[in-house]
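Residue-level structural notes
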Amino acid sequence: GENVEQHPSTLSVQEGDSAVIKCTYSDSASNYFPWYKQELGKGPQLIIDIRSNVGEKKDQRIAVTLNKTAKHFSLHITETQPEDSAVYFCAASGANAGKSTFGDGTTLTVKP
Amino acid sequence: KAGVTQTPRYLIKTRGQQVTLSCSPISGHRSVSWYQQTPGQGLQFLFEYFSETQRNKGNFPGRFSGRQFSNSRSEMNVSTLELGDSALYLCASSLDPYTEAFFGQGTRLTVV
């Protein structure tokens, strides 16, 4: 089955700096890659996703890049703010977006 | 537009008992997936339903079961509870199995 590895497990940045979280996946059939943000006591919130027919997608301060050849994808957050502090999860799935394999999560701390 | 609603939010059960968790998807969404989240195992896929049919099942014992009703609401049941079943159970809904999934707040189950 699919295996998703996520790095780093913890990340601490100064407010205003950029943060990058990287994931690799094993199943070349995977073609949908969502990213979720989970705050304490809440469920994961979808923040951005990308499908395999595009290499990059941006939404304001957040961007995701995908390299299908190398089987890795990354989340980039620019101009970080304290409210960006949370646990971030990457995931990968095939045609079935409802069945995703998740990475282990990255705890991002943005220091004011 | 209301989000995914999971009830109850918290549950405490005794070993050997059974439990039923409920999920109401976003209006118009017909696909529901369930995940178990624990500190040790992360987010693990349990099962997925679409139009009252189970489409996929994760690697969990038969004590874990679920169903979906004609109004797309879903329930999952865990019988003969074990201490290791203590977890946050998350439900995600999507329009169909091929579009982005949105999570509820989860049900925190504690088995004592």
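Everything numeric here is computed off the predicted structure, so don't read it as measured data. (Residues numbered from 1 in each chain as written. Chains lettered and ligands numbered in written order. Predicted model: local features only at pLDDT ≥ 70, side-chain atom pairs only at ≥ 80, totals over all residues. Heavy atoms only, no water.)

Considering the interface of chain B and chain A
Counting residues at the interface gives 20 residues for chain B and 18 residues for chain A. A combined buried area of about 1500 Å² lies between chain B and chain A, and 50% of that area is made up of carbon and sulfur atoms. A per-residue breakdown of the area chain B buries against chain A is headed by Leu43(B), Tyr98(B) and Phe103(B), which together make up 31% of the total. At the junction of chain B and chain A, the tally comes to 0 salt bridges. Inspection of the chain B/chain A interface yields 5 residue pairs in polar contact (both at pLDDT 80 or more). (Contact = heavy atoms within 4.5 Å. Buried area = accessible area lost by both parts, 1.4 Å probe. Salt bridge = Lys/Arg side-chain N within 4 Å of Asp/Glu carboxyl O. Polar contact = N/O pair within 3.5 Å; in protein donor to acceptor, adjacent residues only side chain to side chain.)

Describing the sheet that holds strand β1 (residues 4-7) of chain A
Residue and element names in this part refer to chain A. Taken together, the 5 strands give an open sheet; going across it, the order is β1-β3-β8-β7-β6, and neighbouring strands pair in antiparallel fashion. A single partner strand is all that each edge strand has here, and the edge strands are β1 and β6 (56-59). Between one strand axis and the next, the sheet turns through 15° on average, direction left out of account. (Pairing = 2+ DSSP bridges. Helix = DSSP H or I, 4+ residues; strand = E, 2+ residues; numbered from the N terminus. Axes fitted to C-alpha atoms, helices over the stretch in contact; angles between N-to-C directions.)

Description of unusual backbone geometry
A cis amide bond, omega -5°, links His7(A) with the succeeding residue Pro8(A). For the peptide bond that leads from Thr7(B) to Pro8(B), omega is -10°, which places it in the cis range. With respect to the helices and strands, the residue Pro8(B) is situated in the loop between β1 (5-7) and β2 (10-13). In this structure, Ser51(B) is a non-glycine residue whose phi angle is positive, near 50°. Assessed through its relative accessible area of 36%, Ser51(B) is described here as partly exposed. If you check the backbone angles, Glu52(B) has positive phi at about 70° while not being a glycine. Residue placement: Glu52(B) occurs in the loop between β5 (42-50) and β6 (53-57). With relative accessibility at 48%, the residue Glu52(B) sits in the partly exposed group. (Buried < 20%, exposed > 50% of the residue type's maximum accessible area, 1.4 Å probe, protein only.)

Details of the state of the cysteines
By the definition in use, this model includes 2 disulfides over all chains. Across a sulfur-sulfur distance of 1.9 Å, Cys23(A) and Cys90(A) are joined as a disulfide pair. Across the S-S bond of Cys23(A) and Cys90(A) the torsion is about -100°, and the bridge reads as left-handed. Separated by 67 residues along the polypeptide, Cys23(A) in strand β3 (residues 19-25) and Cys90(A) in strand β9 (residues 86-92) bring together distant segments of the chain. By the burial criterion, Cys23(A) is buried, and Cys90(A) matches it. Here Cys23(B) connects covalently by a disulfide to Cys91(B), the sulfurs 1.8 Å from one another. Handedness of the Cys23(B)-Cys91(B) disulfide follows from its S-S torsion of about -55°: it is left-handed. With Cys23(B) in strand β3 (residues 19-24) and Cys91(B) in strand β9 (residues 87-94), the pair connects residues that are 68 residues apart, well separated along the chain. The exposure classification of Cys23(B) matches that of Cys91(B), with both residues buried. (Disulfide = S-S within 2.5 Å.)

These results come straight from atomic positions and should not be treated as a statement about function.
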